[in-house]
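Structural characterization, general
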Amino acid sequence: SLVGFKAPSASISPRRGDEGKEASGVKISTQLRQDTDAIVASIRRKLEDYLGPGSGSARKIKEAFQDMDANRNGSVDKREFETAMAVLRVHVTKADVQLLYERFDPNRDGLDYHEFMNLLGFDAGPRASASHAPSSSSGRGADESKYSSGAKVSTQLRDDTDAIIDTIRRKLEDYLGPGSGSARKIKEAFEDMDSNRNGKIDKREFEKTMSVLRVNVSARDIGLLFERFDTDRNGLDYKEFIDLIGF
Ligand SMILES: [Ca+2]
Ligand SMILES: [Ca+2]
Ligand SMILES: [Ca+2]
Ligand SMILES: [Ca+2]
């Protein structure tokens, strides 16, 4: 059920400029934006009302996404979306849903978590190479859905990196303090780590943060982490970072 997750209200950050571009980096027409802005705003508002005040954690939003994804295939299709809107008592027409999906589901395979975050107003940054990345549409198994990149990770690589990931998550939580799970804090942490502000965390930036967090990682560990999470080998973008820290 949708009952029980907290509102993302305090965590929803205003989009930055970049007219004509979605956070996903997909160009959309001004017309489509105008046609959907009102309903998007209404959905965000209703979600906040329904879920109550307070800042929502990324984990809770993930749970909400999983609730909406009734058949658990990793994406919210139009029918699942309509059901959720009915539960939330958001009045949307089929035409509205059509337009929303045109805007937020540019690859037409249902709203994945990243696209859902965009709809909610979390600017997850451009998907660095959506067109080159391994397609998540081609039969992503349920067991892989934890890694929203859809990339297959070898069991060996997983074993080699799980311990260090746990350490990093724990240290990051300690460092961020209360509310460390909020999407806003996580976004801020990402921006802090990305010291040259190019939208990606490279290995040097990552290493530097680990020393600030007093996480003892070897260059080999970092190599393995990037092998696992930076599947397109251009630095950790926000989405990959989210995968790493476990949301
Ligand atoms: Ca689904
Ligand atoms: Ca999609
Ligand atoms: Ca960077
Ligand atoms: Ca990357």
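The residue numbers shown here count from 1 along each chain, following its written sequence. As a convention, the first chain written is A and the first ligand written is 1, with the rest following in written order. Whole-chain, interface and lining totals are the exception, using all residues; otherwise, since this is a predicted model, local features are given only for residues with pLDDT of at least 70 and side-chain atom pairs are given and counted only at 80 or more. Just so you know, side-chain values use all the structure's heavy atoms and leave hydrogens and water out.

In the nomenclature of an unreviewed UniProt entry, the protein corresponds to EF-hand domain-containing protein from the organism Spumella elongata.

1. Describing the coordination of the calcium ion (ligand 1)
Where a metal carries four tetrahedral donors, each ideal angle is 109.5 degrees; where it carries six octahedral donors, the ideal angles are 90 or 180 degrees. The donor definition counts N, O and S atoms within 2.8 Å of each metal and applies 3.2 Å to Na, K and Ca; water is not among these atoms, so some sites may look incomplete. The protein atoms that coordinate the calcium ion (ligand 1) are D69 (OD), N71 (OD1), N73 (OD1), S75 (O), E80 (OE) and E80 (OE), at distances of 2.2 to 2.5 Å. Geometry is assigned from the angles between donors: four donors with all angles from 85 to 135 degrees make a tetrahedral site, four or six donors whose opposite pairs exceed 155 degrees while the rest stay between 65 and 115 make square planar or octahedral sites respectively, and everything else is labelled irregular. With 6 donor atoms in place around the calcium ion (ligand 1) and angles of 53 to 160 degrees between them, the coordination shape is irregular.

2. Overview of the coordination of the calcium ion (ligand 2)
Distances from the calcium ion (ligand 2) to its protein donors, D105 (OD), N107 (OD1), D109 (OD), G110 (O), E115 (OE) and E115 (OE), fall within 2.2 to 2.6 Å. Around the calcium ion (ligand 2) sit 6 donor atoms; with metal-centred angles ranging over 54 to 153 degrees, the donor geometry is irregular. Between the donor residues of the calcium ion (ligand 2), the gaps in sequence give the motif D-x1-N-x1-D-G-x4-E. A single burial state applies to G110 and to E115, both of which are buried. Only protein chains enter the area calculation, which uses a 1.4 Å probe; residues under 20% of their type maximum are buried, those over 50% are exposed, and those in between are partly exposed.

3. Quick look at the packing of helix α8 (residues 203-212) against helix α9 (residues 219-229)
To obtain an axis, a line is fitted to C-alpha atoms, over the contacting stretch when the element is a helix, and the angle between two such axes runs from 0 to 180 degrees between their N-to-C directions. Where helices and strands are cited, they refer to DSSP runs of H or I of at least four residues and of E of at least two residues respectively, numbered from the N terminus. Where α8 meets α9, the closest approach of the two axes is 11 Å, and the angle between their N-to-C directions is 125 degrees. One way to sum up the angle between α8 and α9 is to call them oblique. When you trace α8 past α9, the crossing you get is right-handed. Residues K203, F206 and E207 of α8 form the contact with α9, whose own contacting residues are I222, G223, L225 and F226. Note on terminology: angles under 35 degrees are roughly parallel, angles over 145 are roughly antiparallel, angles of 65 to 115 are roughly perpendicular, and the others are oblique. Throughout, a crossing is termed right-handed when the near helix is turned clockwise from the far one, and left-handed when it is turned anticlockwise from it by less than a right angle. Contacts are assigned to residue pairs that have any heavy atoms within 4.5 Å of one another.

4. Looking at the environment of D77
With respect to the helices, strands and loops of the structure, D77 is situated in the loop between α2 (58-68) and α3 (78-87). For D77 and L111, which are 34 residues apart along the polypeptide, the C-alpha to C-alpha distance reads 6.4 Å. A polar side-chain atom of D77 sits 2.8 Å from the main-chain amide nitrogen of E80. Pairs of N or O atoms within 3.5 Å make up the polar contacts considered here, provided that, within protein, one atom can donate a hydrogen while the other can accept it, and that residues adjacent in sequence are counted only when both atoms are side-chain atoms.

5. Quick word on the nonpolar core
Most often, soluble globular proteins have nonpolar side chains that are buried together. Nonpolar cores were defined as sets of buried Ala, Val, Leu, Ile, Met, Phe, Trp, Tyr and Cys residues, with membership established by side-chain atoms within 4.5 Å. Grouped together as the largest cluster of nonpolar side chains are 25 residues, with contacts concentrated most on I168, F206, M210 and F241. Put simply, the parts of the chain that give this core at least two residues each are α6 (155-176), α7 (183-193), α8, α9 and α10 (238-245). Beyond its immediate sequence surroundings of up to four residues, M210 is in contact with I168, M193, V215 and V217. Listed in part, the 24 residues of the second largest apolar core include F65, V92, L100 and F116.

6. With respect to the pattern of salt bridges
A pair is scored as a salt bridge if a Lys or Arg side-chain nitrogen falls within 4 Å of a carboxyl oxygen belonging to Asp or Glu. Going through the model one piece at a time under the given rule, you end up with 3 salt bridges. With a closest N to O distance of 3.1 Å, E82 and K94 form a salt bridge. Of this pair, E82 sits in helix α3 while K94 sits in helix α4 (residues 94-104), and the two are 12 residues apart along the sequence. Overall, E82 belongs to the partly exposed group, its relative accessible area being 24%. The exposed category is assigned to K94, whose relative accessible area is 62%. We note a salt bridge from R228 to D162, for which the minimum N-O separation is 3.0 Å. Of this pair, R228 sits in helix α9 while D162 sits in helix α6; the two residues are 66 residues apart in sequence, bridging distant segments of the chain. In this structure R228 comes out as buried when scored by relative accessible area, which is 3%.

7. Details of the side chain of D221
In this structure, D221 sits in helix α9. Asp and Glu are treated as the negative residues and Lys and Arg as the positive ones, with His and the ends of the chain left uncounted. The side chain of D221 is buried and forms no salt bridge, while R220, the nearest opposite charge, is found at 4.7 Å. Residues in contact with D221, not counting those within four places in the same chain, are I164 and N216.

8. A short note on the packing of α6 against α9
Relative orientation and spacing of two packed helices are given, respectively, by the angle between their axes and the distance between those axes. Taken N-terminus to C-terminus, the directions of α6 and α9 make an angle of 105 degrees; their axes are 9 Å apart at the nearest point. Judged on the interaxial angle alone, α9 and α6 are roughly perpendicular. Here L157, R158, D160, T161, D162, I164, I165 and I168 of α6 lie close against α9, whose contacting residues are R220, D221, L224, L225, E227, R228 and F229. For the contact of α6 with α9, a count of residues per class yields 7 nonpolar, 1 polar and 7 charged. Asp, Glu, Lys and Arg are counted as charged, while Ala, Val, Leu, Ile, Met, Phe, Trp, Tyr, Cys and Pro are counted as nonpolar; the rest, among them Gly, fall into the polar class.

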